[in-house]
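Fold and geometry: a report
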Amino acid sequence: MALNLSLSAPPIRSPQQPLLHYSAKHTIVVSSDRLLHPKSTVSRSSSRRVVTRVRSSLDTVEPTVKVGQVTEVDKDTFWPLVKAADDKTVVLDMYTQWCGPCKVMAPKFQELSQKYLDVVFLKLDCNQENKPLAKELGIKVVPTFKILKDSKVVKEVTGAKFDDLVLAIEAVRSS
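In this text, all values refer to a predicted model and were calculated from it rather than measured experimentally.

Below, the discussion takes up the pairing of strand S5 (residues 89-95). With seven of seven residues buried, S5 is to be regarded as a mostly interior element. The side-chain alternation of S5 yields two buried faces, one formed by Thr89, Val91, Asp93 and Tyr95 and the other by Val90, Leu92 and Met94. Two elements, S5 and strand S6 (residues 119-125), share seven bridges in a ladder whose sense is parallel. Residue pairing across strands places Tyr95 opposite Asp125, the latter belonging to S6. You can see the chain leave S5, run along helix H2 (residues 100-115) and come back into S6, and the turn it takes is right-handed. Where S5 and strand S7 (residues 144-149) come together, five bridges link them in antiparallel fashion.

Time to look at the pattern of salt bridges. Side-chain pairing between opposite charges can occur once the charged atoms of the two side chains come close. This structure, assessed with the given rule, holds five salt bridges. Of the charged contacts, one joins Lys75 and Asp76 as a salt bridge, the two residues approaching to 3.6 Å between their closest N and O atoms. Here Arg173 ties to Glu170 by a salt bridge, and the two come within 3.7 Å at their closest N and O atoms. You can see Arg173 and its partner Glu170 sitting in helix H4 (residues 162-174), three residues apart, about one turn around the helix. Overlapping salt bridges bring together Asp118, Glu170 and Arg173 as one network.

Mapped onto the fold, Val70 is located in strand S4 (residues 70-73). Classification of Val70 by relative accessible area gives buried; the value is 15%. Between the C-alpha atoms of Val70 and Val91, which are 21 residues apart in sequence, the distance is 9.5 Å. Ignoring sequence-local partners within four residues, the contact set of Val70 consists of Phe109, Gln110, Ser113, Phe121, Leu122 and Lys123.

Attention now goes to the sheet that holds S5. Sheet architecture is open: five strands sit in the order S4-S6-S5-S7-S8, paired in mixed fashion. Only two strands of the sheet have a single neighbouring strand rather than two, namely S4 and strand S8 (152-158). Each adjacent strand pair in this sheet contributes to an overall mean axis angle of 25°, direction not counted. Contacts between H4 and the sheet are confined to S5, S6, S7 and S8, with S8 contributing the most and set at about 160° to the helix.

About the criteria used
Residues numbered from 1 in each chain as written. Predicted model: local features only at pLDDT ≥ 70, side-chain atom pairs only at ≥ 80, totals over all residues. Heavy atoms only, no water. Buried < 20%, exposed > 50% of the residue type's maximum accessible area, 1.4 Å probe, protein only. Helix = DSSP H or I, 4+ residues; strand = E, 2+ residues; numbered from the N terminus. Pairing = 2+ DSSP bridges. Right-handed = clockwise from strand over helix to strand, strands pointing away. Salt bridge = Lys/Arg side-chain N within 4 Å of Asp/Glu carboxyl O. Contact = heavy atoms within 4.5 Å. Axes fitted to C-alpha atoms, helices over the stretch in contact; angles between N-to-C directions.

If you want it as structure tokens, here you go:
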């Protein structure tokens, strides 16, 4: 990712100095969280050297969720999203690619995300890469739905039990 920054000033004319015009283009190459190296080119129409310092702040962007849809998470993004949800109810669908009942529940889970706009809906593929998180959350069967409030699991629904899931969401929302 590169941030292109252009800076130019109008020509300056004073009795002591000839016409001075300054313009600079800076390309700043960044990785996800730090500055790698700046490159700059300066052009000026005077023999005088002009030094201008430009300060900027690049904030790291945390993962975000969109209301009304299901957000795919992994072992790295799950807890930051749960913490960002603050006091909202979070529903996590823990599934696998090969699970038939998981495939049946996926469109129903999507519909719930569009119905309950005050709830954050996440899904986690319990593959080898996410196994540590699945183990931490105590998954034994798929699909498993974990309902969290204030970053703590408060309800769990195992299996493709849509009606039980809706009742659990309703109970946590109203508490």
